[in-house]
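Here is what each chain is made of, one letter per residue.
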Amino acid sequence: MPFGMKTLGVVAAAGVGTMALYYKAAHCQVHHARGGSGRRSLYPASANYPELSKHNNVMASNLTPDIYARLRDVTTPNGCTLDGCIQTGVDNPGHPFIKTVGAVAGDEESYEVFKALFDPIIDERHNGYKPWDKHPTDLDFTKIRGGNFDAKYVHSSRVRTGRSIRGLGLPPACSRAERREVERVVVDALGKLKGTFAGKYYPLSNMTDAEQEQLITDHFLFDKPVSPLLLASGMARDWPDARGIWHNSQKNFLVWINEEDHTRVISMEKGGNMKAVFERFCTGLLQVEKLIREKGWEFMWNEHLGYVLTCPSNLGTGLRCGVHVTITKLSKDPRFNDILEAMKLQKRGTGGVDTAATGGTYDISNADRLGKSEVQLVQEVIDGVELLIQMEKRLENRRSIDDLIPPKK
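Here's a quick rundown of the structure. None of the values given here were measured: they were computed from a predicted structure. Counting from 1, residues in each chain are numbered in the order their sequence is written. Totals for whole chains, interfaces and linings use all residues, but because this is a predicted model, local features are given only for residues with pLDDT of at least 70 and pairs of side-chain atoms are given and counted only at 80 or more. Here the side-chain values reflect all heavy atoms present in the structure, with hydrogen atoms and water set aside.

By definition, any uninterrupted DSSP run of H or I lasting at least four residues is a helix, any uninterrupted run of E lasting at least two residues is a strand, and each is numbered from the N terminus. A count of helical and extended segments in the chain gives 15 helices and 10 strands. Note on exposure labels: buried denotes an accessible area under 20% of the residue type's maximum, exposed denotes more than 50%, and partly exposed covers the range between, all computed with a 1.4 Å probe on protein chains only. Relative to its 409 residues, the chain shows a buried fraction of 53%. Only heavy atoms matter for contacts: two residues are in contact if any of them lie within 4.5 Å across the pair. Pairs at least 24 residues apart make up 74% of the contacts formed inside the chain by residues separated by at least 6 positions. Per-residue and other accessible areas were derived by the Shrake-Rupley procedure at a 1.4 Å probe size, with only the shown protein chains allowed to occlude residues. Taken as a whole, the chain presents about 18300 Å² of accessible surface, with 53% of it coming from carbon and sulfur.

Shown next as structure tokens:
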């Protein structure tokens, strides 16, 4: 029996153990779905195979006629199909120099039912991560070394991740009822946070003009997606129903609900104290998880993929640890991109993806998500940004940085 809201409500009320047991029972139906139960087409798979000859995305590189023929009539227990998962990559060929993923999951089971495609996508996107690899999780912020950057160079620090509620469809394929249930479950948990984490929820559907203006001023507001990648995947359906933003009174711990993922959890502040930002991130996130579990729900997680999210690029930690840092002279060095690559860092403009840097200020963050723990990734960013600042200071004094260049890994 596929997941349904009425059944889930009864199971959730019975507690986490029952919820997990119900999830496993439904999850086992994957094998029956593979056996042939599912929507059958009147046309052969070859007649329905997508045109991908000019595409530059990871899905197009790994989908074959054989994989498509085997999976195109298969559905997950929730009714998700292979065509639904790949539609965003079919509609968006990709940029010649930027290889997008080109696939999303409609539910947690998609990664298992369609693993013949998702496994090679994950392998390519996450540097050879294999189907038998296990992902480490570590939210012990006390292990972090350093992390208080020179404020002359680092202007803001931010850590974000995503979390999905087990048993409910992911944004590309969820029903209206499931989306509203995500909102109810998460807002109920957030409403029980105390102390410095106490805050308020602002639903997009009935936000006052004053609230909207304030959220815009604070740079907290997210709007209906305009990216063709997100629109083609189905994430903007029924906008703005059951979407919203929650933040604490200090405005340094935020949760976005039902944007690209069920939730996006963000810890941030002005300045360079990444250590404090990560401590708040870990503490708040664990408190939210505890409150959700007390109501019989849990996050999607397994030992292979870590935390399960909509886009394969965010599997594992789902973590992006970033700073806005001014490195005017270093960024002009012809070795700049190689330096970042050697330290597993990536750059973008401070306006987000596909924006240009202004005044030598970049958004620098971790490139990896899967196969390394949260502590490992944050430490890599801390160590890397410290080295970038050290290089910038040398160049300001017209000194060589040759001995600081990290070796390629």
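As a further point, take helix H15 (residues 374-396). Each full turn of the α-helix corresponds to 3.6 residues, which orients residues three or four apart in the same direction. Between its first and last C-alpha, H15 extends 33 Å over 23 residues, near the 33 Å set by a 1.5 Å rise per residue. One or two positions beyond H15, positive phi appears at Arg398, with a value near 60 degrees. A helix is expected to reach a length of 1.5 Å times the quantity of its residues less one.

For the purposes of this analysis, a disulfide is any pair of cysteine sulfur atoms at a distance within 2.5 Å. Tallying each qualifying case throughout the model produces zero disulfides. Sulfur of Cys80: no disulfide; nearest cysteine sulfur belongs to Cys85 and is 6.2 Å away. What makes Cys80 buried here is its relative accessible area of 9%.

Our focus in this paragraph is the pairing of strand E5 (residues 263-270). Of all the eight residues making up E5, six are buried; the element is thus mostly covered by neighbouring parts of the structure. Of the pairings in the sheet, the one linking strand E1 (residues 154-163) to E5 comprises eight bridges and is antiparallel in character. Opposite Arg158, over in E5, you have Met268 as the bridge partner. Should DSSP find at least two bridges between two strands, the strands are taken to pair. For strand E4 (residues 253-257) and E5, the ladder comprises five bridges, and the chain directions are antiparallel.

A separate point is the pairing of strand E8 (residues 320-326). Within E8, six of the seven residues are buried, leaving the element largely enclosed by the surrounding structure. Relative to E8, E1 is paired through six bridges, and the arrangement is antiparallel. Bridge assignment links Val154 to a residue of E8, and that residue is Val325. Looking at chain direction, E8 and strand E10 (residues 361-366) are connected through five bridges and run antiparallel. Note that in E10 the partner of Gly322 across the bridge is Ser365.

Along the chain, Asp368 turns up in the loop between E10 and H15. If we skip the residues at most four places from it in the chain, Asp368 touches Asn127, Leu319, Lys344 and Leu377.

Space inside and on the surface of the protein is sampled on a 1 Å grid over the protein atoms alone, with a cavity defined as a set of points where a 1.4 Å probe fits but cannot get out and a pocket as an open set with protein on both sides within 12 Å along at least 5 of 7 lines; lining residues have an atom within 4 Å of a point. Grid points are joined across faces, edges and corners, and a volume is the space filled by probe spheres set on the points. Within this structure, the stated rule accounts for two cavities of 30 Å³ or more. Approximately 50 Å³ is the volume attributed to the largest cavity. Taken together, the elements giving at least two residues each to the lining of the largest cavity come down to helix H10 (176-190), E5 and helix H13 (274-294). When residue character is reported, Ala, Val, Leu, Ile, Met, Phe, Trp, Tyr, Cys and Pro are called nonpolar, Asp, Glu, Lys and Arg charged, and the others, Gly included, polar. Among the residues making up the lining of the largest cavity, the classes are represented as seven nonpolar, one polar and no charged.

Within this document, salt bridges are pairs made up of a side-chain nitrogen of Lys or Arg and a carboxyl oxygen of Asp or Glu, the two lying within 4 Å of each other. Tallied over the full model, the rule gives 29 salt bridges. A salt bridge links Lys200 to Glu211, with the nearest nitrogen and oxygen atoms 3.2 Å apart. Placement of the pair is Lys200 in strand E2 (residues 199-203) and Glu211 in helix H11 (residues 209-217), with a sequence separation of 11 residues. In this structure, Lys372 engages Asp368 in a salt bridge whose closest nitrogen and oxygen atoms are separated by 2.9 Å. Through salt bridges with shared partners, a single network forms among Glu108, Arg166, Arg293 and Glu298.

For soluble globular proteins, nonpolar side chains are generally found buried alongside one another. Nonpolar cores were defined as sets of buried Ala, Val, Leu, Ile, Met, Phe, Trp, Tyr and Cys residues, with membership established by side-chain atoms within 4.5 Å. Residues Met274, Phe278, Ile364 and Leu388 are the most contacted members of the largest nonpolar core, which totals 58 residues. Mapped by element, the contributors of at least two residues to this core are E1, H10, E4, H13, E8, helix H14 (336-342), E10 and H15. Examining the composition of this core, we find that 10 residues originate from one element, H15, more than from any other. Other than its neighbours up to four places away in sequence, Leu388 contacts Ile327, Leu330, Ile339, Leu340, Met343, Leu345 and Ile364. By size, the runner-up hydrophobic cluster in this structure holds 30 residues, among which are Cys85, Ala105, Ile121 and Leu305.

Bringing the packing of aromatic side chains into the picture now. Side-chain rings of Phe, Tyr and Trp, where Trp is taken by its six-membered ring, are said to pair if the distance between their centres is within 6.5 Å; with planes under 30 degrees apart they count as stacked, over 60 as edge-to-face, and otherwise as tilted. For the structure on display, the rule yields six aromatic pairs. Both rings, one in Tyr111 and one in Phe118, keep their centres 4.8 Å apart while their planes meet at 55 degrees; by these two values the pair is tilted. Judged by its relative accessible area of 0%, Phe118 falls in the buried class. Each ring, one from Phe278 and one from Phe281, has its centre 6.0 Å from the other, and the planes form 20 degrees; the classification is stacked. On the criterion of helical spacing, the pair formed by Phe278 and Phe281 is a turn pair, its members being three residues apart in helix H13. Just as Phe278 is buried, Phe281 falls in that class too. A network of ring pairs unites the aromatic residues Phe197, Trp246 and Phe253 as a single cluster.

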